[in-house]
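Structural description and commentary
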Amino acid sequence: MQPLTMFSGMGGDLYQVSGKPNHACVVNLAARTCSCRAWEITGMPCRHAVAAIWEKAANGGRVGALESWVHPVHTMERWKEVYSFRVNPINGRTLWTRVNVPTTITPPKHHTQVGRPKKLRKRSAVELEEMTQSGRLSKKHTKGACSKCKKTGHNFRTCKGQGEAVKTGKSGKSGNAGKKRKVAAK
């Protein structure tokens, strides 16, 4: 956090407080306002106002108690006043009187999203980690082997006979027994 620099124009309750370059705020202690508006919104002095209060106290100005600069809504007296009323008990829902209201609130209409619906839900990182630890493997980052020559680096379609054809031991009694495969020679 950068230190705040002060400038008091006329020696009154107006202060110019700047911390970052080109970020100056004007604090009016008499009106309890700051140009950053944090003091007006929260009711508690912002960092610019606190710096102006310290500057006024350091130069011999009368500041008073620090609690006097906070809005009265934050005091214990106001809290006690807010909660001083008595809350009376009420009957249960079954004893309430029925009221005929002419309007009924209906739920919004369902809108089907555009595109193909997701097949699976998105899994969390914890579920993904559990899946990898449970022994389910994926084919990611693995090299497949050709089913024709059993060599890695290519598949059956791109095989150019880099290795010898491995006999699978099938009897050849399938429906395609009489047909021969064409192998494109390039």
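Residues numbered from 1 in each chain as written. Predicted model: local features only at pLDDT ≥ 70, side-chain atom pairs only at ≥ 80, totals over all residues. Heavy atoms only, no water.

**Let's talk about the overall build of the protein chain**
Going by this rule: Strands here are runs of E lasting at least two residues and helices are runs of H or I lasting at least four, both read from the DSSP assignment and numbered beginning at the N terminus. In this scheme, a residue with accessible area under 20% of its type's maximum is buried, one over 50% is exposed, and one in between is partly exposed, where area comes from a 1.4 Å probe on protein chains only. The criterion used for residue contact is that any of the two residues' heavy atoms lie within 4.5 Å. Reported accessibility uses the Shrake-Rupley method at a 1.4 Å probe radius. Residues are deemed covered only where the shown protein chains occlude them.
When you go through the protein chain residue by residue, the secondary structure sums to four helices and four strands. Listing the helices and strands of the protein chain from first to last along the sequence gives β-β-β-β-α-α-α-α. Every one of the 186 residues in the protein chain was classed for burial, and the buried ones make up 11%. Restricting to contacts in the protein chain with at least 6 residues of sequence separation, those with at least 24 account for 24%. Summed over its atoms, the accessible surface of the protein chain is roughly 17700 Å², and 56% of this surface lies on carbon and sulfur atoms.

**Comments concerning the environment of Val63**
Here Val63 lies in the loop between helix H2 (47-58) and helix H3 (76-82). Along the backbone, Val63 and Ile53 are 10 residues apart, and their C-alpha atoms lie at a distance of 6.9 Å. Those residues in contact with Val63 that lie beyond four places of it in its chain are Ile53, Lys56, Ala57, Ser68 and Trp69.

**Section: the pairing of strand S2 (residues 14-18)**
Cut-off, in case you're wondering: DSSP calls a pair of strands paired once it identifies at least 2 bridges connecting them.
Residues Tyr15 and Val17 line the buried face of S2, whereas the alternating positions Leu14, Gln16 and Ser18 sit on a face that is not buried. Bridging between S2 and strand S3 (residues 24-28) involves five bridges; their strand directions are antiparallel. Within S3, the residue paired with Ser18 across the bridge is Ala24. Remark: five residues form the turn of the hairpin made by S2 and S3, two consecutive strands paired antiparallel; Asn22 in that turn has positive phi of roughly 65 degrees.

**Describing the nonpolar core**
Among soluble globular proteins, nonpolar side chains are generally buried collectively. For clarity, the cut-off: We define a nonpolar core as any set of buried Ala, Val, Leu, Ile, Met, Phe, Trp, Tyr and Cys residues linked to one another through side-chain atoms lying within 4.5 Å.
Residues Tyr15, Val27, Leu29, Cys34, Trp39 and Trp69 are the most contacted members of the largest nonpolar core, which totals 14 residues. Residue assignment for this core shows that the elements contributing at least two residues are S2, S3 and H2. Of all the elements, H2 adds the most residues to this core, at four residues. Ignoring anything within four residues of it in the chain, the contact list for Trp69 reads Leu29, Arg32, Trp39, Gly43, Pro45, Ile53 and Val63.

**Points about unusual backbone geometry**
Within the chain, Arg32 stands out as a residue other than glycine whose phi angle is a positive 55 degrees. Structurally, Arg32 can be placed in the loop between S3 and strand S4 (33-34). On the basis of relative accessibility, which here comes to 34%, the residue Arg32 falls in the partly exposed class. The backbone of Lys150 sits at a positive phi, close to 65 degrees, despite the residue not being glycine.

**A few points about the confidence of the model for the protein chain**
We count it as follows: The pLDDT value tells you how sure the predictor is about a given residue, anywhere from 0 up to 100.
This prediction gives the protein chain a mean pLDDT of 79; 76% of its residues lie at or above 70. Element-level mean pLDDT values for the protein chain span from 67 in strand S1 (residues 5-8) up to 93 in helix H1 (residues 38-42). Here residues 171-175 is modelled with pLDDT under 50, and outside its nearest four sequence neighbours on either side it reaches one contact, counting other chains as well.

**Thoughts on the pattern of salt bridges**
Put simply, the rule is: Only one rule defines a salt bridge in this text: a Lys or Arg side-chain nitrogen within 4 Å of an Asp or Glu carboxyl oxygen.
All chains considered together, the criterion is met by one salt bridge. Where Lys56 meets Asp13, a salt bridge forms, and the shortest distance between an N and an O atom there is 3.0 Å. A residue pair is termed long-range when its members are at least 10 positions apart, and Lys56 in helix H2 and Asp13 in the loop between S1 and S2 qualify at 43 residues. A residue is classified by how much of its surface remains accessible, and Lys56, at 17% relative accessible area, is buried.

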